[in-house]
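Below, each chain spelled out in residue letters.
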There are 2 protein chains.
Amino acid sequence: MQNIVAETLKRSQLSVTDSRKKILEYFHHSKGALAHADIERLSGEQFDRVTIYRTLQTFVEKGIIHSIPTSDNSIRYALCKDDCAEGHHHDNHIHFVCDVCGTTFCLDHVTIPNVQLPAGFKSKQTDVIVSGICGKCGNI
Amino acid sequence: MQNIVAETLKRSQLSVTDSRKKILEYFHHSKGALAHADIERLSGEQFDRVTIYRTLQTFVEKGIIHSIPTSDNSIRYALCKDDCAEGHHHDNHIHFVCDVCGTTFCLDHVTIPNVQLPAGFKSKQTDVIVSGICGKCGNI
DNA sequence: TTTTATTTTGCAACTTTGTTGCAAAGTGCT
DNA sequence: AGCACTTTGCAACAAAGTTGCAAAATAAAA
Ligand SMILES: [Mn+2]
Ligand SMILES: [Mn+2]
Ligand SMILES: [Zn+2]
Ligand SMILES: [Zn+2]
């Protein structure tokens, strides 16, 4: 795990620092997406709030994580797949937010539906956020 | 216009006040969705910031406007259709954000695609936000 | 390994955004 | 007009995010 994390950073031409390693590990260990507040909670007093902001921003720019829009106006982040690179994301998947446990999942194997836009409108990106009950919470 | 605005408020059992009338008019006059900041700008020093927050919240609760999640983490609001009521929204339409002019449109006549979720997942709501170039900005 | 150059971090100070309690003003009703 | 009730504006606060800069850490060079 230490290895894959350090290698990801190097591949993105980022210096390998404690905060970056730790924050990236949080993403690898987490089932769902993480918000700034989650990381702050997970890391305790270990890093400054500002460092977390800057690290997340850097990771997004480098194509290591992507941000997920949610209806409650709190940005969450999740790991990108390998085909994302600096300044160029290819995260063509939908997101599912569980109303019960609050987890945000990236559903990589669900194809994004093709929406029919009015004449003259050109689509560049389609974000789909489905909310409901996830697999675990439904089986309780 | 004054009439339709006042009647909407009365139908929702809201007292008709200057701020509510004015803010509701902004929505009727606007092509796209409005954020809190837009209304603050439009109204100048006319109302307190807090009043705008509370008015938007009340309008959402009463089913007069609905909120639209955006990827830049700024909530925008747009008028609901007639079938929304207190505590119960029926805004089954997709949203389009123009990358050029920034306008957020409600596309009422585009049907929401049915996404195929993994086994065990149950969908309650589907938000679709398409971004790209709108009709006007494409024809320049 | 030590030195040097570059990058990153933490701190402080600040801005922006959103919330809450409460008295004053406004609205609806008789 | 008078009264009950709701809404507004203000102030004070809390939370979220940004910026500049010196100190610390990392990477590259010697
Ligand atoms: Mn994702
Ligand atoms: Mn809409
Ligand atoms: Zn769940
Ligand atoms: Zn446009």
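Residues numbered from 1 in each chain as written. Chains lettered and ligands numbered in written order. Predicted model: local features only at pLDDT ≥ 70, side-chain atom pairs only at ≥ 80, totals over all residues. Heavy atoms only, no water.

**Student:** How do you make sense of the nonpolar core when you look at a structure like this?
**Tutor:** In summary, soluble globular proteins display a tendency toward joint burial of nonpolar side chains. The biggest cluster of nonpolar side chains holds 26 residues, and the ones touching the most others in it are Phe96 of chain A together with Phe96 of chain B. Put simply, the parts of the chain that give this core at least two residues each are β4 (94-98), β5 (104-107) and β6 (122-133) of chain A together with β4 (94-98), β5 (104-107) and β6 (122-133) of chain B. Those residues within four positions of Phe96 of chain A in sequence are excluded, and the remaining contacts are Thr103, Thr104, Phe105, Leu107, Val130, Ser131, Gly132, Ile133 and Cys134 of chain A together with Leu117, Phe121 and Lys122 of chain B. (Core = buried A, V, L, I, M, F, W, Y, C linked by side-chain atoms within 4.5 Å. Buried < 20%, exposed > 50% of the residue type's maximum accessible area, 1.4 Å probe, protein only. Helix = DSSP H or I, 4+ residues; strand = E, 2+ residues; numbered from the N terminus. Contact = heavy atoms within 4.5 Å.)

**Student:** Looking at this structure, I do not really get the protein's contact with DNA strand D. What am I missing?
**Tutor:** Within the structure, DNA strand D sits among 18 residues, and Tyr53 of chain A together with Ser19, Arg20, Thr51 and Arg54 of chain B are positioned closest to it. In DNA strand D, the atoms that sit within 4 Å of the protein are 62% sugar and phosphate, with bases accounting for the remainder. Within the side chain of Arg54 of chain B, a nitrogen or oxygen atom sits 2.6 Å from a base oxygen of DNA strand D. Of all the elements in the fold, those that place two or more residues in the surface near DNA strand D are α4 (49-61) of chain A together with α2 (18-29) and α4 (49-61) of chain B. Take the surface near DNA strand D: its biggest share by element is four residues, from α4 of chain A. (Near = heavy atom within 4 Å. Polar contact = N/O pair within 3.5 Å; in protein donor to acceptor, adjacent residues only side chain to side chain.)

**Student:** Is there a simple way to explain the coordination of the zinc ion (ligand 3) in this structure?
**Tutor:** By definition of the ideal shapes, a tetrahedral metal site with four donors has angles of 109.5 degrees and an octahedral site with six donors has angles of 90 or 180 degrees. Residues and elements named next belong to chain A. Coordination of the zinc ion (ligand 3) by the protein involves Cys98 (SG), Cys101 (SG), Cys134 (SG) and Cys137 (SG), with metal-donor separations of 2.2 to 2.4 Å. Sequence spacing of the donors to the zinc ion (ligand 3): C-x2-C-x32-C-x2-C. Given a relative accessible area of 2%, Cys98 falls into the buried group. (Donors = N, O, S within 2.8 Å, 3.2 Å for Na, K, Ca; no water.)

**Student:** What am I meant to see in the sheet that holds strand β3 (residues 76-79) of chain B here?
**Tutor:** Paired through their backbone hydrogen bonds, the strands of a sheet run either parallel or antiparallel. Residues and elements named next belong to chain B. What the three strands build is an open sheet, ordered β1-β3-β2; its pairing is antiparallel. Of all strands in the sheet, those bounded by a partner on one side alone are β1 (34-35) and β2 (65-68). As paired elements, β2 and β3 share four bridges and run antiparallel to each other. Paired with Ile65 across the strands is Leu79, a residue of β3. (Pairing = 2+ DSSP bridges.)

**Student:** Whenever I open this one, the pairing of β6 of chain A confuses me. Can you help?
**Tutor:** One face of the sheet, then the other: side chains in a regular strand alternate in exactly this way. Where β4 of chain A lies against β6 of chain A, four bridges are found, and the strand directions are parallel. By the bridge assignment for β6 of chain A, Phe96 of chain A is matched with Val130 of chain A. Two elements, β6 of chain A and β6 of chain B, share eleven bridges in a ladder whose sense is antiparallel. Each bridged residue has a counterpart across the sheet, and for Thr126 of chain A the counterpart in β6 of chain B is Val130 of chain B.

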